[in-house]
Amino acid sequence: MSTELLLAALVLAGAPVRADDGATALLEEALEPPATAYEGELSVMTARGGRRETRHLLVRFSPPDLYRRETLDALGTAELVVVSDGKTEWVHDRRSGTVWQGLPPGREHGLSDPDEERALLADNYAVRVLPDAAVAGRPCRVLEVAPRRGGPVVLRLWIDAVEGLVLQREAYEPDGTESLLVRFERVAYGAKGRAADFRFRPPAGARVVKSRPAPEALELEEAAKATDMKPRLAAWVPPGYVFESVSLLPYKGATILHYRWSDGVDVLSLFQAPARARVRPPTGGRPRKETVAGGPGALTVLPDGKALEWSAGDRFVLVGRLGLESLRRVAESVPR
Amino acid sequence: MSCPSFETLSAYADREASPAETALLAAHAPACPACSRMLALIAAERRSLSALPVPSMPPDLTASLLALTARRPWWETLLSELRAGFAQPTGAVAAAALAVVAVLVWGRREPPPAAVAELEVPVEVLMAAHRRYALSMPLTPPESAPPPAQLQVAGLAAERDVY
């Protein structure tokens, strides 16, 4: 989508954004892949399930799609290396001696094209420009993304004023607590790196696992033909969420249906498994008993969100970052 | 902060220190030459140990263990009992009668109903599929993906192995 179209969408949706403050153009810039080679050092703070963890990464990128990321351990040695030459992505976990070989992640999930997803983002979220700030010694323009329907800010982006690279991102939970902080501690542009930086050969003795291809996004009718179950889609999802697609998740000879909704920033998943399925809670975790549509259910709070499980003939699990009452309302809208 | 004990430093290097110790050491070690040197020594030792050759097992170990644990099939046991019984005629008659009764009883049994095996799905499998979808959102940074090791801890081969 062009900047003009996105701008028009924002204006039509009544965004509290002045047409001349550059917020939309800046967001467009943040959504584009970087055009300049860079290398640097990143810190990634995640707050998962109340626990904060910080990882440090060395990153190197060369346009259009070559990258290398090394996650460092406490002693500063790379414990996880992710390398892509644009065709194959290798993930080498040095601790376990395992290498995963697969395709570089792409926009593989939805049936919507990138323009539609950006329009969805513009429909549901308002962007505004905050005062400039510096990150890693670089002048940055700062963007704030908040739901139009109200509620706390979901995202803040610090975008290099010259190169357009996002140098810092802060993401927030629906209750306003910070969930993710990705920040460049150091960045240098123009360093294209050696070709060898973006090539990978599994070391001798490593266990190489070929990743399964990404699941194909299907229409509901296609999914219905691929399984014995009758697909049952939630009739209600929170305002702003749009059904994107369904995919088949094969697991131990069975097929689980995975329905997906997005509001442009956040996502919601509903899994429908055969009636004989039982969901095993996470190691050391204990689900909380909940009532769903008058029947027994269980809620597990996980680092990446909540999982609400119940049975309605088939086994259902709803995963998302929504509040419990919204999750319950979605669950109770699944036809019985 | 005074320098921690060797045990604490070793636990820190192995990522087994408590969160409080980890936080203190992460702040202290980089600025302390003694602790930095000790951490470097621990790392060097760890590298040396991991470079040592893995001792190989005796080639006949598997066969020996299997022989030790091998169980005789029931029919082999029955035949040997019968053979032993023929040496003592009374025992042979009793054994034969038992075998006939067993066959008759076994033959009259109803076939067991076809059981529907329960399918146990770890919640992490579903979370991994959900996370992979979340990572495809335009504003989600790829660096936010958890390391595969976290999923190995959860008992899965890897997030990438799930799909």
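A quick note: this is a predicted structure, and the numbers were derived from the prediction, not measured.

A separate point is the overall build of chain B. What chain B contains, in helices and strands, is nine helices and one strand. Going from the N terminus to the C terminus, chain B shows its helices and strands as α-α-α-α-α-α-β-α-α-α. Taking all contacts inside chain B whose residues are at least 6 apart in sequence as the whole, residues at least 24 apart take part in 48%. Counting only carbon and sulfur atoms, one obtains 67% of the accessible surface of chain B, whose full area is about 10,800 Å².

Take unusual backbone geometry next. Residues and elements named next belong to chain A. Put simply, Pro-63 and Pro-64 share a cis peptide bond, and its omega is 5 degrees. Relative to the elements of secondary structure, Pro-64 occurs in the loop between β2 (51-62) and β3 (66-72). For Ala-136, which is not a glycine, the phi torsion comes out positive at approximately 50 degrees. Along the chain, Ala-136 turns up in the loop between β7 (125-135) and β8 (138-147). In the Ramachandran plot, Lys-252 falls in the positive-phi region, its phi being about 45 degrees despite a non-glycine side chain. For Lys-252, the location among the structural elements is in the loop between β13 (242-251) and β14 (254-262).

All names here are of chain A. Within this structure, the stated rule accounts for 24 salt bridges over all chains. Notably, a salt bridge pairs Glu-290 with Arg-328, separated by 3.5 Å at the nearest N-O pair. Of this pair, Glu-290 sits in strand β17 (residues 288-292) while Arg-328 sits in helix α5 (residues 324-332), and the two are 38 residues apart along the sequence. The class for Glu-290 is buried, based on a relative accessible area of 14%. Put simply, Arg-128, Glu-144, Arg-156 and Glu-170 are held in one network by salt bridges that share partners.

Another point: the pairing of β2(A). All names here are of chain A. By the bridge criterion, seven bridges tie β2 to β3 in an arrangement that is antiparallel. Residue Leu-58 lies in a different strand from β3, and its bridge partner there is Glu-70. Hairpin connection from β2 to β3: three residues lie between these consecutive antiparallel strands.

Here we take up the sheet that holds strand β19 (residues 305-312) of chain A. All names here are of chain A. Across the sheet, which stays open at both edges, the seven strands sit in the order β13-β14-β15-β20-β19-β18-β17 with antiparallel pairing between neighbours. The open sheet terminates on both sides in strands that have one partner only, identified here as β13 and β17. Shown here is a sheet whose adjacent strand axes are inclined to one another by a mean of 25 degrees, direction ignored.

Residue and element names in this part refer to chain A. Of the positions making up α5, those classed as buried are Leu-324, Leu-327, Arg-328, Val-330 and Ala-331. For α5, the buried positions fall inside an angular range of 160 degrees around the axis, keeping them on one side. Check the buried side of α5 and you find it contacts β15 (267-273), β17, β18 (295-302), β19 and β20 (314-320).

Our next topic: the packing of aromatic side chains. Within this structure, the stated rule accounts for five aromatic pairs over all chains. Aromatic side chains Tyr38(A) and Phe184(A) sit 5.8 Å apart centroid to centroid with 80 degrees between the ring planes, which places their arrangement in the edge-to-face category. Taken together, the residues Tyr38(A) in strand β1 (residues 38-48) and Phe184(A) in strand β11 (residues 178-189) connect sequence positions 146 residues apart. In terms of burial, Tyr38(A) and Phe184(A) fall into one category: buried. Both rings, one in Phe243(A) and one in Trp261(A), keep their centres 5.7 Å apart while their planes meet at 65 degrees; by these two values the pair is edge-to-face. One end of the pair, Phe243(A), is in strand β13; the other, Trp261(A), is in strand β14, and 18 residues separate them in sequence. Here Phe243(A) falls in the partly exposed class, since its relative accessible area comes to 29%. Site record: aromatic cluster; members linked through ring pairs are Tyr38(A), Phe61(A) and Phe184(A). Above the ring of Tyr133(B), the side-chain terminus of Arg260(A) is found at 5.3 Å from the ring centroid. Above the plane of the ring of Trp236(A) lies Arg329(A), whose end atom (NZ or CZ) is 3.9 Å from the centre.

Reading the values: rules and limits
- Residues numbered from 1 in each chain as written.
- Chains lettered and ligands numbered in written order.
- Predicted model: local features only at pLDDT ≥ 70, side-chain atom pairs only at ≥ 80, totals over all residues.
- Heavy atoms only, no water.
- Helix = DSSP H or I, 4+ residues; strand = E, 2+ residues; numbered from the N terminus.
- Contact = heavy atoms within 4.5 Å.
- Areas by Shrake-Rupley, 256 points an atom, 1.4 Å probe, with all protein chains shown as cover.
- Salt bridge = Lys/Arg side-chain N within 4 Å of Asp/Glu carboxyl O.
- Buried < 20%, exposed > 50% of the residue type's maximum accessible area, 1.4 Å probe, protein only.
- Pairing = 2+ DSSP bridges.
- Axes fitted to C-alpha atoms, helices over the stretch in contact; angles between N-to-C directions.
- Arc of directions from axis to C-beta.
- Phe/Tyr/Trp six-rings, centres within 6.5 Å; stacked < 30°, edge-to-face > 60°.
- Lys NZ or Arg CZ within 6 Å of the ring centre and 35° of its normal.

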